[in-house]
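Spelled out, the chains give:
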Amino acid sequence: QVQLAENGGGLVRTGGSLTLSCAASGQIANIRVMGWFRQAPGKEREFVTGINWSGGSTTYADSVKGRFTISRDKALNTVTLLMNSLKPEDTANYYCAAVNGLTGQYDYWGQGTQVTVSS
(Lines give C-alpha, C1' and ligand atoms only; values in the text may rest on other atoms or scores of the structure.)
Protein backbone atom coordinates (compact mmCIF):
# COMPACT_ATOMS: atom_id res chain seq x y z
CA GLN A 1 0.00 0.00 0.00
CA VAL A 2 0.95 3.60 -0.58
CA GLN A 3 -0.29 6.46 1.55
CA LEU A 4 -0.50 10.00 0.17
CA ALA A 5 -0.90 13.18 2.18
CA GLU A 6 -1.45 16.59 0.59
CA ASN A 7 -1.06 20.04 2.02
CA GLY A 8 -0.79 23.61 0.83
CA GLY A 9 -4.30 24.48 -0.26
CA GLY A 10 -5.98 27.72 0.65
CA LEU A 11 -7.58 30.92 -0.56
CA VAL A 12 -5.86 33.13 -3.12
CA ARG A 13 -6.87 36.01 -5.35
CA THR A 14 -7.06 35.76 -9.13
CA GLY A 15 -3.58 35.93 -10.59
CA GLY A 16 -1.98 34.66 -7.42
CA SER A 17 0.05 31.54 -6.75
CA LEU A 18 -0.16 28.51 -4.52
CA THR A 19 2.04 25.50 -4.01
CA LEU A 20 0.63 22.09 -3.17
CA SER A 21 2.74 19.25 -1.92
CA CYS A 22 2.12 15.54 -1.57
CA ALA A 23 4.11 13.19 0.61
CA ALA A 24 4.13 9.50 -0.22
CA SER A 25 4.83 6.72 2.25
CA GLY A 26 4.57 2.96 2.34
CA GLN A 27 5.48 0.84 -0.67
CA ILE A 28 7.09 3.60 -2.69
CA ALA A 29 8.61 1.06 -5.08
CA ASN A 30 5.11 0.39 -6.45
CA ILE A 31 4.73 3.95 -7.73
CA ARG A 32 5.12 4.55 -11.48
CA VAL A 33 3.46 7.93 -11.93
CA MET A 34 2.28 10.57 -9.52
CA GLY A 35 -0.32 13.08 -10.47
CA TRP A 36 -2.80 15.70 -9.42
CA PHE A 37 -6.50 15.66 -10.11
CA ARG A 38 -9.16 18.16 -9.14
CA GLN A 39 -12.87 18.20 -8.64
CA ALA A 40 -15.01 21.30 -8.53
CA PRO A 41 -18.53 21.30 -7.02
CA GLY A 42 -21.00 19.71 -9.39
CA LYS A 43 -18.30 18.60 -11.79
CA GLU A 44 -16.47 15.38 -12.46
CA ARG A 45 -12.95 14.84 -11.28
CA GLU A 46 -10.43 15.83 -13.92
CA PHE A 47 -6.77 15.16 -14.54
CA VAL A 48 -4.50 18.14 -13.97
CA THR A 49 -0.93 16.91 -14.34
CA GLY A 50 1.29 13.87 -13.87
CA ILE A 51 4.96 13.05 -13.56
CA ASN A 52 6.78 9.81 -14.22
CA TRP A 53 8.32 8.79 -10.93
CA SER A 54 11.58 7.46 -12.36
CA GLY A 55 12.19 9.50 -15.49
CA GLY A 56 10.52 12.74 -14.54
CA SER A 57 8.58 13.27 -17.76
CA THR A 58 5.45 15.33 -17.29
CA THR A 59 2.00 15.79 -18.80
CA TYR A 60 -0.47 18.61 -18.28
CA ALA A 61 -4.09 19.28 -19.01
CA ASP A 62 -4.48 22.00 -21.62
CA SER A 63 -6.28 24.18 -19.10
CA VAL A 64 -3.19 24.48 -16.89
CA LYS A 65 -0.30 24.35 -19.39
CA GLY A 66 2.06 27.22 -18.91
CA ARG A 67 0.64 28.05 -15.49
CA PHE A 68 1.16 24.91 -13.39
CA THR A 69 4.40 23.03 -12.84
CA ILE A 70 4.76 19.58 -11.30
CA SER A 71 8.01 18.31 -9.84
CA ARG A 72 9.15 15.45 -7.67
CA ASP A 73 11.80 14.83 -5.09
CA LYS A 74 12.63 11.15 -5.00
CA ALA A 75 14.81 11.51 -1.94
CA LEU A 76 11.93 12.95 0.06
CA ASN A 77 9.18 11.00 -1.73
CA THR A 78 7.28 14.17 -2.43
CA VAL A 79 5.55 15.75 -5.38
CA THR A 80 4.99 19.47 -5.64
CA LEU A 81 2.50 21.39 -7.74
CA LEU A 82 3.32 25.05 -8.31
CA MET A 83 0.26 26.92 -9.50
CA ASN A 84 0.71 30.38 -10.97
CA SER A 85 -1.70 32.83 -12.57
CA LEU A 86 -4.60 31.21 -10.80
CA LYS A 87 -8.11 31.74 -12.10
CA PRO A 88 -11.50 31.34 -10.41
CA GLU A 89 -12.09 28.27 -12.57
CA ASP A 90 -9.12 26.61 -10.85
CA THR A 91 -11.19 26.48 -7.67
CA ALA A 92 -11.56 22.82 -6.69
CA ASN A 93 -10.54 20.14 -4.29
CA TYR A 94 -7.13 18.93 -5.44
CA TYR A 95 -6.14 15.31 -5.01
CA CYS A 96 -2.72 13.73 -5.18
CA ALA A 97 -2.72 10.28 -6.75
CA ALA A 98 -0.25 7.59 -7.70
CA VAL A 99 -0.23 4.91 -10.35
CA ASN A 100 0.28 1.41 -9.04
CA GLY A 101 2.96 -0.20 -11.17
CA LEU A 102 1.25 -3.59 -10.80
CA THR A 103 -2.09 -2.45 -12.23
CA GLY A 104 -1.23 0.64 -14.25
CA GLN A 105 -4.08 2.47 -12.57
CA TYR A 106 -4.31 5.38 -10.19
CA ASP A 107 -4.94 3.13 -7.23
CA TYR A 108 -3.64 5.42 -4.50
CA TRP A 109 -5.29 8.67 -3.52
CA GLY A 110 -4.85 11.37 -0.95
CA GLN A 111 -7.67 12.99 0.99
CA GLY A 112 -7.59 16.19 -1.02
CA THR A 113 -6.89 19.81 -0.28
CA GLN A 114 -9.13 22.74 -1.15
CA VAL A 115 -7.98 25.51 -3.44
CA THR A 116 -10.21 28.56 -3.74
CA VAL A 117 -9.45 31.39 -6.14
CA SER A 118 -11.43 34.57 -5.56
CA SER A 119 -12.26 36.95 -8.38
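For the structure, see preceding data.
Residues numbered from 1 in each chain as written. Predicted model: local features only at pLDDT ≥ 70, side-chain atom pairs only at ≥ 80, totals over all residues. Heavy atoms only, no water.

1. Describing the overall build of the protein chain
Next up, step 1: If you tally the helices and strands in the protein chain, you get 0 helices and 11 strands.
Next up, step 2: Listed by position from the N terminus, the elements making up the protein chain come as β-β-β-β-β-β-β-β-β-β-β.
Next up, step 3: With respect to the three principal axes, the spread of C-alpha positions in the protein chain is 40 × 25 × 25 Å.
Next up, step 4: Looking at the protein chain residue by residue over its 119 residues, the buried ones come to 41%.
Next up, step 5: Across the protein chain, the fraction of contacts at a sequence separation of at least 24, relative to all contacts at a separation of at least 6, is 51%.
Next up, step 6: Surface summary for the protein chain: the accessible area is close to 6100 Å², and the carbon and sulfur share equals 48%. (Helix = DSSP H or I, 4+ residues; strand = E, 2+ residues; numbered from the N terminus. Buried < 20%, exposed > 50% of the residue type's maximum accessible area, 1.4 Å probe, protein only. Contact = heavy atoms within 4.5 Å. Areas by Shrake-Rupley, 256 points an atom, 1.4 Å probe, with all protein chains shown as cover.)

2. What about the nonpolar core?
Next up, step 1: Ranked by size, the top nonpolar core spans 30 residues in total, and within it L4, M34, W36, M83 and Y94 carry the most contacts.
Next up, step 2: Contributing elements (two or more residues each) for this core: β1 (2-7), β3 (18-26), β4 (31-39), β5 (46-52), β7 (68-73), β8 (78-83), β9 (92-100) and β11 (113-118).
Next up, step 3: Non-local contacts of Y94, meaning those with residues more than four positions away in its chain, are made with E6, L20, W36, F37, R38, V48, F68, L81, M83, G112, T113 and V115. (Core = buried A, V, L, I, M, F, W, Y, C linked by side-chain atoms within 4.5 Å.)

3. Some details on the pattern of salt bridges
Next up, step 1: This structure, assessed with the given rule, holds 4 salt bridges.
Next up, step 2: Residues joined in a network through salt bridges with shared partners are R38, E46, R67 and D90. (Salt bridge = Lys/Arg side-chain N within 4 Å of Asp/Glu carboxyl O.)

4. Description of the pairing of β3
Here is the key point about a regular strand: its side chains alternate between the two faces of the sheet.
Next up, step 1: Pairing of β1 with β3, which is carried by 6 bridges, proceeds in the antiparallel orientation. Looking at β3, one finds that E6 is bridged to C22.
Next up, step 2: In terms of strand pairing, β3 meets β8 through 6 bridges, oriented antiparallel. Across the sheet, A23 pairs through a bridge with T78, a residue of β8. (Pairing = 2+ DSSP bridges.)

5. Observations concerning the side chain of R67
Next up, step 1: Locating R67 in the fold gives a position in the loop between β6 (58-60) and β7.
Next up, step 2: Judged by its relative accessible area of 11%, R67 is buried.
Next up, step 3: Looking at R67, its side chain comes within polar contact range of the main-chain oxygen of S85, at 2.9 Å.
Next up, step 4: In contact with R67, other than residues within four places in its own chain, are L82, M83, N84, S85, L86, K87 and D90. (Polar contact = N/O pair within 3.5 Å; in protein donor to acceptor, adjacent residues only side chain to side chain.)

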